Amino acid sequence: MSRTKIVAGNWKMNKTPSEAVALVNELKPLVAGADADVVFCVPAINITKVGELLEGTDIALGAENVYFEDKGAYTGETSPAMLKDAGVSYVIIGHSERREYFKETDEEVNKKVLKVFEYDMTPIICVGETLAQREQGVTIDLIRQQVKIALLGVSKEQAQKAVIAYEPVWAIGTGKVATKEQAQEVCAAIRGCVAEIYDDATAAAIRIQYGGSVKGANAKEIFGMPDIDGGLIGGSSLNDDFAKIVNYDK
């Protein structure tokens, strides 16, 4: 099966609304006509403004987080209904920073995945290991656990539309990059895990990204690996290097 690459920019807690407008206007023409699906995942305060700027383009709008309830007394949270109504198509779930700083559990990740599917949006499910866990030799076991719990209650049809982002925590924003072989090994293991949960067709359909210090200079060799279907891009999503990553094959 031929899978369309997907390159999603995770802006994290960067860019005021006015700065967001400037960045989107800079990047829009640079990623137009890309062979990959392109997503801008922006801070909640920027979603409406960026969504307006993306109307009529092929660039999809993404959120960096969501809460797993429809509405209610959850001060400071953003509901899936709010995101859907604002034009959001993709939602990052379980990023390592959410897990580390805000103590998100695998079970909460699963709740969010189910809720995002309920509102007909696509989750970008993040999994990854720390340097200590890699050195302890538990990377594959840990990733499989994260994948299995994230997908509990997710139908085969839903899973085929999902995106999983493998982000080794030790390579995020550090300048360290997993070798293309290391990234491929884990992404292949993720695909194998999906095949065990569902079937080979689902495993062949699901898109698996790599994230962790991906830049225009190394995107082609990373995205060229058989089980890597694009990237979840942090720092390089905030400048024109993002366009080089999106256009890695040109």
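Here we summarise the structure given alongside this text. From a predicted model like this one, the values you see are computed outputs, not experimental measurements. Here the residue index of a chain counts from 1 through its sequence in written order. With the structure being a predicted model, the display of local features is reserved for residues of pLDDT at least 70 and the display and counting of side-chain atom pairs for 80 or more, all residues being used for whole-chain, interface and lining totals. Heavy atoms from the whole structure form the basis of all side-chain values; hydrogens and water molecules are not counted.

What follows deals with the overall build of the chain. Scanning the chain from terminus to terminus reveals twelve helices and eight strands. With C-alpha atoms as the basis for the radius of gyration, the globule rule is written as 2.2 Å multiplied by the number of residues raised to the power 0.38. Taken over C-alpha atoms, the radius of gyration comes to 17 Å for the chain, in line with the 18 Å a tight globule of 250 residues would show. Across its three principal axes, the chain shows a C-alpha extent of roughly 45 × 45 × 35 Å. Each residue is placed in one exposure class: buried if its accessible area under a 1.4 Å probe, protein chains only, is under 20% of its type's maximum, exposed if it is over 50%, and partly exposed if it falls in between. Per-residue burial over the chain gives 52% buried out of 250 residues. Numbering of helices and strands runs from the N terminus, with a helix taken as a DSSP run of H or I at least four residues long and a strand as a DSSP run of E at least two residues long.

In this structure, Lys103 is a non-glycine residue whose phi angle is positive, near 55 degrees. One non-glycine residue with positive phi stands out, namely Ser213, at about 60 degrees. With respect to the element layout, Ser213 can be found in the loop between strand 7 (207–210) and helix 11 (219–223). Classification of Ser213 as buried rests on a relative accessible area of 12%.

Okay, the environment of Arg98 next. For Arg98, the location among the structural elements is in helix 4 (residues 96–101). Residue Arg98 is classed as partly exposed on the basis of its relative accessible area of 21%. When the C-alpha atoms of Arg98 and Glu221 are compared, they prove to be 29 Å apart, with 123 residues separating the residues in sequence. The contacts of Arg98, once residues within four sequence positions are left out, are Asn65, Lys103 and Glu104. Should any heavy atoms of two residues lie within 4.5 Å, those residues are counted as being in contact.

This part covers the side chain of Gln209. Counting through the fold element by element, Gln209 comes out in strand 7. Within the structure, the side chain of Gln209 is placed 3.0 Å from the backbone oxygen of Ile6, a separation counted as a polar contact. Polar side-chain contacts of Gln209 include one of 3.1 Å to the backbone oxygen of Gly231. When residues no more than four places from it in sequence are discounted, the contact partners of Gln209 are Ile6, Val7, Ala8, Ile124, Val163, Ile164, Ala165, Tyr166, Cys187, Gly230, Gly231 and Leu232. Residues adjacent in sequence count toward polar contacts only when both atoms are side-chain atoms; beyond that, a polar contact is any pair of N or O atoms within 3.5 Å, and within protein one must be able to donate a hydrogen and the other to accept it.

Throughout, an axis means a line fitted to C-alpha atoms (over the contacting stretch in the case of helices), and angles, computed between N-to-C directions, take values from 0 to 180 degrees. For the pair helix 7 (residues 139–150) and helix 9 (residues 180–197), the least separation of the axes is 10 Å and the interaxial angle reads 45 degrees. Between helix 7 and helix 9, the angle falls in the class oblique. Viewed along their axes, helix 7 and helix 9 form a crossing whose handedness is right-handed. Only Glu185, Val186, Ala189, Ile190, Cys193, Val194, Glu196 and Ile197 of helix 9 make contact with helix 7, whose side of the interface consists of Thr139, Ile140, Ile143, Arg144, Val147 and Lys148. Classification convention: Asp, Glu, Lys, Arg as charged; Ala, Val, Leu, Ile, Met, Phe, Trp, Tyr, Cys, Pro as nonpolar; all other residues, Gly among them, as polar. In terms of residue class, the contact of helix 7 with helix 9 is built from nine nonpolar, one polar and four charged. Angles are sorted into four bins: roughly parallel if under 35 degrees, roughly antiparallel if over 145, roughly perpendicular if 65 to 115, and oblique for all others. Handedness of a crossing is defined here by the sense of rotation of the near helix relative to the far one, left-handed for an anticlockwise turn of less than a right angle and right-handed for a clockwise turn.

In an α-helix, one turn spans 3.6 residues, which is why side chains three or four residues apart end up on the same side. Expected helix span is computed as 1.5 Å times (number of residues minus one). The terminal C-alpha atoms of helix 7, which comprises twelve residues, lie 16 Å apart, in line with the 16 Å expected from a rise of 1.5 Å per residue. Turning to helix 7, its buried residues are Thr139, Leu142, Ile143, Gln146, Val147, Ile149 and Ala150. Where helix 7 is buried, its residues meet helix 4, helix 5 (106–118), strand 5 (122–127), helix 6 (131–135), strand 6 (163–166) and helix 9.

Let's shift gears to the nonpolar core. The nonpolar side chains of a soluble globular protein tend to be buried, and buried together. Grouping buried Ala, Val, Leu, Ile, Met, Phe, Trp, Tyr and Cys residues that are joined through side-chain atoms within 4.5 Å yields what is termed a nonpolar core. Phe40, Val91, Val147, Ile190, Tyr210, Phe223 and Phe242 are the most contacted members of the largest nonpolar core, which totals 65 residues. No other element matches the six residues that helix 9 contributes to this core. Of all hydrophobic cores here, the second largest spans twelve residues; its members include Ala8, Ile92, Ala165 and Leu232.

What follows deals with the side chain of Asp229. Counting through the fold element by element, Asp229 comes out in the loop between helix 11 and strand 8 (230–233). For Asp229, a relative accessible area of 2% puts it in the buried group. Of the polar contacts made by the side chain of Asp229, one reaches the side chain of Arg191; its length is 2.8 Å. Leave out the neighbours within four places in its chain, and Asp229 touches Arg3, Thr4, Lys5, Ile6, Arg191, Ile206, Arg207 and Ile208.

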